[in-house]
Amino acid sequence: MNAYPYDLHIHSCLSPCGDDDMTPNNLVGMAALSGCQVIAITDHNTCKNAGAVMEAGREAGLLVVPGMELCTAEEAHVVCLFETLEGAMAFDQYVWENMPHIPNRPEIFGEQRLMDSQDRQTGLLEDLLLVSSFLGVDQVPEIAARYGGVAFPAHVNRDSYSVLASLGTIPPEAGFTAAEVTRDCDLEALEKTCPQLKDLKILRSSDSHYLETLATGEPLSIHLPELSCRAVVEAIRQGKGRG
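All chains use their own residue numbering, which begins from 1 and follows the written sequence. Local features in this predicted model are restricted to residues whose pLDDT is 70 or higher, and side-chain atom pairs enter the listing and the counts only when it is 80 or higher, whereas totals over whole chains, interfaces and linings include all residues. Only hydrogens and water are removed before side-chain values are computed, so all heavy atoms of the structure are retained for them.

**Thoughts on the environment of Leu227**
Argument step 1. A run of H or I in DSSP becomes a helix once it reaches four residues, and a run of E becomes a strand once it reaches two; helices and strands are each numbered from the N terminus. With respect to the helices, strands and loops of the structure, Leu227 is situated in the loop between β10 (221-224) and α9 (229-238).
Argument step 2. Exposure categories follow from relative accessible area, calculated using a 1.4 Å probe and restricted to protein chains: below 20% of the type maximum is buried, above 50% is exposed, and the middle band is partly exposed. Residue Leu227 is classed as partly exposed on the basis of its relative accessible area of 40%.
Argument step 3. The contact rule is simple, with two residues in contact once any of their heavy atoms fall within 4.5 Å. Not counting chain neighbours up to four residues away, the residues in contact with Leu227 comprise Tyr4, Gln37, Val38 and Leu63.

**Description of the packing of aromatic side chains**
Within a pair of aromatic rings, the relevant descriptors are the distance that separates the centres and the angle that separates the planes.
Argument step 1. Classification of ring pairs uses Phe, Tyr and Trp, with its six-membered ring standing for Trp, and accepts pairs whose centres are within 6.5 Å; under 30 degrees between planes counts as stacked, over 60 as edge-to-face, and the remaining range as tilted. Counted under the stated rule, the structure contains 3 aromatic pairs.
Argument step 2. An angle of 65° between the planes, with centres 6.0 Å apart, marks the rings of Phe91 and Tyr147 as edge-to-face. Here Phe91, found in helix α3 (residues 85-96), pairs with Tyr147, found in the loop between α5 (140-146) and β7 (149-153); they are 56 residues apart in sequence, far enough to count as distant.
Argument step 3. For Phe91, a relative accessible area of 0% puts it in the buried group.
Argument step 4. Note on Tyr94 and Tyr147: the rings are 6.2 Å apart at their centroids and 50° apart in plane angle, and the pair reads as tilted. In this pair, Tyr94 sits in helix α3 while Tyr147 sits in the loop between α5 and β7, placing the two residues 53 residues apart along the sequence.
Argument step 5. Judged by its relative accessible area of 22%, Tyr147 falls in the partly exposed class.
Argument step 6. Ring-pair connections join several aromatic residues into one group, and the members of that group are Phe82, Phe91, Tyr94 and Tyr147.
Argument step 7. Over the face of the ring belonging to Trp96 we find Lys48, whose NZ or CZ atom lies 4.8 Å from the ring centre. Charge-over-ring contacts are defined here by two conditions on Lys NZ or Arg CZ: a distance within 6 Å of the ring centre and an angle within 35 degrees of the ring normal.

**Side note on the UniProt feature "domain: Polymerase/histidinol phosphatase N-terminal" (unreviewed entry) in the protein**
Argument step 1. Summarizing the sequence annotation, UniProt attributes the feature "domain: Polymerase/histidinol phosphatase N-terminal" (unreviewed entry) to residues 6-74 in the numbering used throughout.
Argument step 2. Each end of residues 6-74 is marked by a C-alpha atom, and these two atoms are 28 Å apart; helix forms 30% of the span and strand 30%. UniProt positions are given in the numbering used here, feature names are shortened, and annotations may be inferred rather than shown by experiment.

**Notes on helix α1 (residues 24-33)**
Argument step 1. Those residues of α1 not exposed but buried are Pro24, Leu27, Val28 and Ala31. Along the axis of α1, the buried residues cluster in a sector spanning 100°; they form a single face.
Argument step 2. Its buried side turned inward, α1 meets β1 (2-10), β2 (38-44), α2 (50-60), β3 (63-71), β5 (113-115) and α8 (211-214).
Argument step 3. Directly beyond the C-terminal end of α1, a positive phi value near 105° is found at Gly35. Here the arc refers to the directions that run from the helix axis out to each C-beta atom.

**Focus on unusual backbone geometry**
Argument step 1. Positive phi outside glycine occurs at Asp119, with the angle close to 65°.
Argument step 2. Mapped onto the elements, Asp119 comes out in the loop between β5 and β6 (121-124).
Argument step 3. Classification of Asp119 as partly exposed rests on a relative accessible area of 24%.

**Details of the sheet that holds β2**
Argument step 1. Note: two strands are recorded as paired if DSSP finds a minimum of 2 bridges between them. Taken in spatial order, the 6 strands line up as β7-β4-β3-β2-β1-β10 in an open sheet, and their pairing is mixed. The open sheet is flanked by β7 and β10, the only strands paired with a single partner. Averaged over all adjacent pairs, the angle separating strand axes in this sheet is 30°, with direction ignored.
Argument step 2. Relative to β2, β1 is paired through 3 bridges, and the arrangement is parallel. If you follow Tyr6 over to β2, its bridge partner there is Val38.
Argument step 3. Whenever a helix is involved, its axis is fitted only over the stretch in contact; in every case the axis is a line through C-alpha atoms, and angles between N-to-C directions fall within 0 to 180 degrees. Where α1 meets the sheet, its contacts fall on β1, β2 and β3, and the angle it forms with β2 comes to roughly 140°.
Argument step 4. On the sheet, α3 packs against β3 and β4 (77-82) and is oriented at approximately 15° with respect to β3.

Spelled out as structure tokens, the structure:
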């Protein structure tokens, strides 16, 4: 097993709240400068920029895991990561079919930019991504698994858009093996209010929407037998550890 510094929660300029500077090469370059060897691209309710970021990552010698930050019916955010781009895009289509379609208002939410690996804009996504899907928290792990993925609750220590904020607990029936907290979270204090976390693998990522937050805080490491998307997903499936 080797230890690889990671950040498994990063947004591109496709996320309406993501800065326009979060292009594939910019975010890959900044993640590398921050010391990461493994990152995940996790835009809101879409994986459509994942392929471009993965290609940019290969050019920079950085492993990029395709993923999504899904907003559930309960307005809780769940990160979903996949072994392959094909699996991620099939999940993307499933989510697209299970979410409301409301036109984006770029003057309020910002543009949702589709990019290629050379940081060229290829289009705009017209339907707003900042919406709640029709999928419940307890459904997400099983659905993600169908597509070769794994799911974990995002930033559970936050007071909004987290599983704990929305439900007050992490539903045991969902079968989560991991949970994410922010890098500055007091995990010991949080575990006193949510003892379930002691049985889960704990991940800490930046949830970056801006280049400057990618360079903030030293990344933690994940232990993997090899540097691959499959190994990252499997390590999270196995659970346990402070990650």
